[in-house]
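So the chains spell out like this:
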Amino acid sequence: MPLTEKEHVELRKMARKIRKDIVDVTHWCGGSHIGGSLSMVEILVILYWKYLRIDPKNPQWEDRDRLVLSKGHGGVGHAVVLANRGYFDFELLKEFNQFGSPFGMHLDSTKAPGVDASTGSMGHGLPQAVGMALGSRVLKKDWRVYAVVGDGECNEGSIWEAAMAANHYKVGNLIAFLDRNHLMIDGPTESVMSLEPLDKKWEAFGWYTQVIDGHDFIALADAIDKALENKNGPSMIICKTIKGKGVSFM
Amino acid sequence: MSAKTGLTWTVYDADKMTQAETYGLVLSYLGEINPKIVGLSADLAKSTKIGKFGEKFPDRFFNLGIAEQNMFGVAAGLAKAGLLPFVSTFSVFASMRAVEFLRDDICYQNLNVKVIATHGGTSFGSAGTTHHSIEDLSIIRAIPNIKLIVPADSVETAMAVQACVEVEGPVYIRIGRSFEPRVYETDDYGFTIGKAVEMRPGTDVTVIACGAVVYHAVEASKILEREDGISVRVLNMHTIKPIDKEAIEKAVVETRRIITFEDHNIYGGLGSAVGEVVAELGRACAFTRVGIPDKFSPHGYPEDLMHYHKIDTDGIIEKVRELLGKEFEKEEDWEDEY
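Residues numbered from 1 in each chain as written. Chains lettered and ligands numbered in written order. Predicted model: local features only at pLDDT ≥ 70, side-chain atom pairs only at ≥ 80, totals over all residues.

Draft legend 1. Focus on the overall build of chain A. The secondary structure content of chain A amounts to nine helices and seven strands. Against the 2.2 N^0.38 benchmark of 18 Å for 250 residues, chain A shows a C-alpha radius of gyration of 17 Å, consistent with a compact globule. In terms of overall dimensions, chain A has C-alpha extents of about 45 × 45 × 40 Å along its principal axes. A buried classification covers 48% of the 250 residues belonging to chain A. A sequence separation of at least 24 residues applies to 77% of the contacts in chain A between residues at least 6 apart. (Helix = DSSP H or I, 4+ residues; strand = E, 2+ residues; numbered from the N terminus. Rg over C-alpha atoms; globule rule 2.2 N^0.38 Å. Buried ≥ 20, exposed ≤ 12 C-beta atoms within 10 Å, placed from the backbone. Contact = placed C-beta atoms within 7 Å.)

Below is the structure:
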């Protein structure tokens, strides 16, 4: 469904709050992958506040939609979103990264409520998302699986192994977002390891691929709606984003 | 087989089936009674025999192509969805090519995934080093949460595959490729994960083995008893993790000599696991490990390689005699300088 004006205003308001909270938690914990967390804020906000079929009071609800943060280093962003969505008390994030805290740089699904898969090492989330999507088929369930993949992460062979498998098994209940922020640890993606033409690659792997502005809620809603209509195979939404979005000096 | 499982074959079928064939048969049966079981392979459905399950349950079987990393990730996702995945590929790929996916996705999240890894050790001898799995026990043993089982023959493979369904969490079962000789006359010997099986009683020395080597340990012990008058206790340590500490400690105290045999590098596998228990017990014990001596194995048929590595009947006899001839320090000599 296209966004109403009211929804649009509220999502933008929430995105601003999430960004502020990410900066706060980063300050409290003394450092995090803040840039890659800020670039995916709109993706997570529109999923958690508009599209995901979830019950934050019952994080293990069997029929829920799943979200796998394949770019697991965005854990601080994901944790802030989950807290704001009501999975746990935001105050718990004051202990982020500290000894004994359920929350750390890469979130642990066995400790952090609402986290559907432990990730961190690159290229592990998308394969798990494919498995969850296939699982709904075996169990005759109708949940959907959403995955957020990093652009640098697309250097990993396992991403393309998973891409092949999702197409081969025509996993129509899987929608992935690629946080195309163009930066990885050692520099711009195209100087470290060329990725382009990224859209052509995903298309060639059989994915219904769209390229949009990943900070534009209207474009996101439109792309997700189209992806939801595409039930014959996996969908990829390449989101052009800015690493550190919202902080003027980043 | 056992009445409780309802399997319709006998232990004598084990003479005609490899461990993998037995696994395929048992899994197909388990698939009937447990609709949550799903199967995965990476273009080795035929070789690992999980394909038997796939033929019977095509909607519950996923061939992921030659992409082992993704296969373990997909298995984790299926387990997260509430299913019970069995994953099969060669042990060399499960324990090395895809091990970080096994570790992060399955063991770290403590998921209910069963890995049945075939072609363990040098059982695919002629394929050469790329297909020899001589590090798998060491690698898997070092990962938290997972249990590690090396069945001795087809009968025990059936027992282990059934038993692994009964325990929650990841299990890795390492089996061979070829026709491992049958060790058991019956399945009624009380297979329990984590409990060694005493194949033969003995008081002079304890031989501890796992996998296909167990057959040779039993044969060697008979010959040693007959020809040398040596009383050899044989333990089938089918579970490498959790290791049966009690059986090892008992062997230290009652026989004072322990020798391990395995189709694996002497570093990190059965011998190391037993040696850790022996050392921590702090009681006098002459101890030797026999296996692949930290080298890549030559090509060859498995029986020739087992002979070469002294883990067949002849080799075990030779090594046990060596151990019994070894000078064994008495307690009153403990003040000796090195």
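There is more to say, and it comes next.
Draft legend 2. Just the overall build of chain B, in detail. For chain B, the count of helices and strands is 13 helices and 12 strands. A compact globule built from 338 residues would reach a C-alpha radius of gyration of about 20 Å, and chain B, at 20 Å, matches this within 12%. Each principal axis of the C-alpha distribution contributes one length, and for chain B these read about 65 × 40 × 35 Å. Burial statistics for chain B: of 338 residues in total, 56% are counted as buried. The long-range share in chain B, meaning contacts at least 24 apart out of those at least 6 apart in sequence, stands at 77%.

Draft legend 3. View of the packing of helix 6 (residues 157–168) of chain A against helix 4 (residues 68–80) of chain B. Look at helix 6 of chain A against helix 4 of chain B: their axes get within 8 Å of each other, and the N-to-C directions meet at 65°. Looking at the two axes, helix 6 of chain A sits roughly perpendicular to helix 4 of chain B. For the pair helix 6 of chain A and helix 4 of chain B, the sense of crossing is right-handed. Facing helix 6 of chain A, whose interface residues are Ser158, Glu161, Ala162 and Ala165 of chain A, helix 4 of chain B presents Gln69, Asn70, Gly73 and Val74 of chain B. Its residues assigned to classes, the contact of helix 6 of chain A with helix 4 of chain B shows three nonpolar, four polar and one charged. (Axes fitted to C-alpha atoms, helices over the stretch in contact; angles between N-to-C directions. Parallel < 35°, antiparallel > 145°, perpendicular 65-115°, else oblique. Left-handed = near helix turned anticlockwise from the far one by under 90°. Nonpolar A, V, L, I, M, F, W, Y, C, P; charged D, E, K, R; others polar.)

Draft legend 4. Fine view of the pairing of strand 7 (residues 235–240) of chain A. Residues and elements named next belong to chain A. Judged by how many residues are buried, strand 7 sits mostly within the fold: five of six residues are covered. Here six bridges tie strand 3 (residues 174–180) to strand 7, and the two strands are oriented parallel to one another. Note on strand 7: the bridge partner recorded for Asp179 is Cys239. Sheet analysis places strand 6 (residues 208–213) next to strand 7, joined by six bridges and oriented parallel. For Ile212, the partnering residue across the bridge sits in strand 7 and is Cys239. A crossover connection joins strand 6 to the parallel strand 7 through helix 9 (residues 217–229); in handedness this β-α-β unit is right-handed. (Pairing = 2+ DSSP bridges. Right-handed = clockwise from strand over helix to strand, strands pointing away.)

Draft legend 5. Structural detail: the nonpolar core. One finds Val130 of chain A together with Ala75, Ile173 and Val207 of chain B to be the most contacted residues of the largest nonpolar core, which totals 173 residues. The contact partners of Val207 of chain B, leaving out residues within four places of it in the chain, are Ala217, Ser221, Val232, Val234, Ile259, Phe261, Ile316 and Val320 of chain B. (Core = buried A, V, L, I, M, F, W, Y, C linked by C-beta atoms within 7 Å.)

Draft legend 6. Representation of the sheet that holds strand 1 (residues 37–41) of chain B within the structure. All names here are of chain B. The seven strands are arranged 2-1-3-4-6-5-10 in an open sheet whose pairing can be described as mixed. Edge positions in the sheet fall to strand 2 (61–63) and strand 10 (239–241), since each has one partner strand and no second. Strand-to-strand twist in this sheet, taken as the mean axis angle between neighbours without regard to direction, amounts to 20°. Alignment of strand 5 (residues 147–149) against strand 6 (residues 171–174), held across three bridges, turns out to be parallel. Each bridged residue has a counterpart across the sheet, and for Lys147 the counterpart in strand 6 is Val171.

Draft legend 7. Representation of the interface of chain A and chain B. Taken together, the contact between chain A and chain B spans 24 residues of the former and 26 residues of the latter. Looking at the side of chain A that touches chain B, the elements that each hand over two or more residues are helix 5 (125–138) and helix 6 of chain A. Sort the elements by how many residues they give to the side of chain A that touches chain B and helix 5 of chain A lands first, with 10 residues. Here the side of chain A that touches chain B is composed, by residue class, of 11 nonpolar, 10 polar and three charged.

Draft legend 8. Up close: the domain arrangement of chain B. Residues and elements named next belong to chain B. Domain boundaries assigned for chain B yield domain 1 (11–174) and domain 2 (197–327). Taken residue by residue, the interface counts 22 residues in domain 1 and 27 residues in domain 2. Counting residues per element, the ones that place at least two in the side of domain 1 that touches domain 2 are helix 7 (136–141) and strand 5. In terms of residue class, the side of domain 1 that touches domain 2 is built from seven nonpolar, 10 polar and five charged. (Domains from an automatic or database assignment.)

Draft legend 9. A look at the packing of helix 10 (residues 245–255) of chain B against helix 11 (residues 270–281) of chain B. All names here are of chain B. Taken N-terminus to C-terminus, the directions of helix 10 and helix 11 make an angle of 60°; their axes are 10 Å apart at the nearest point. It follows that helix 10 is oblique to helix 11 by the angle criterion. The way helix 10 lies across helix 11 gives a crossing that is right-handed. Contact with helix 10, carried on its side by Lys245, Ile248, Glu249 and Val252, involves Val274, Val277, Val278 and Leu281 of helix 11 and no other residues of that element. Residues that form the contact of helix 10 with helix 11 fall into these classes: six nonpolar, no polar and two charged.

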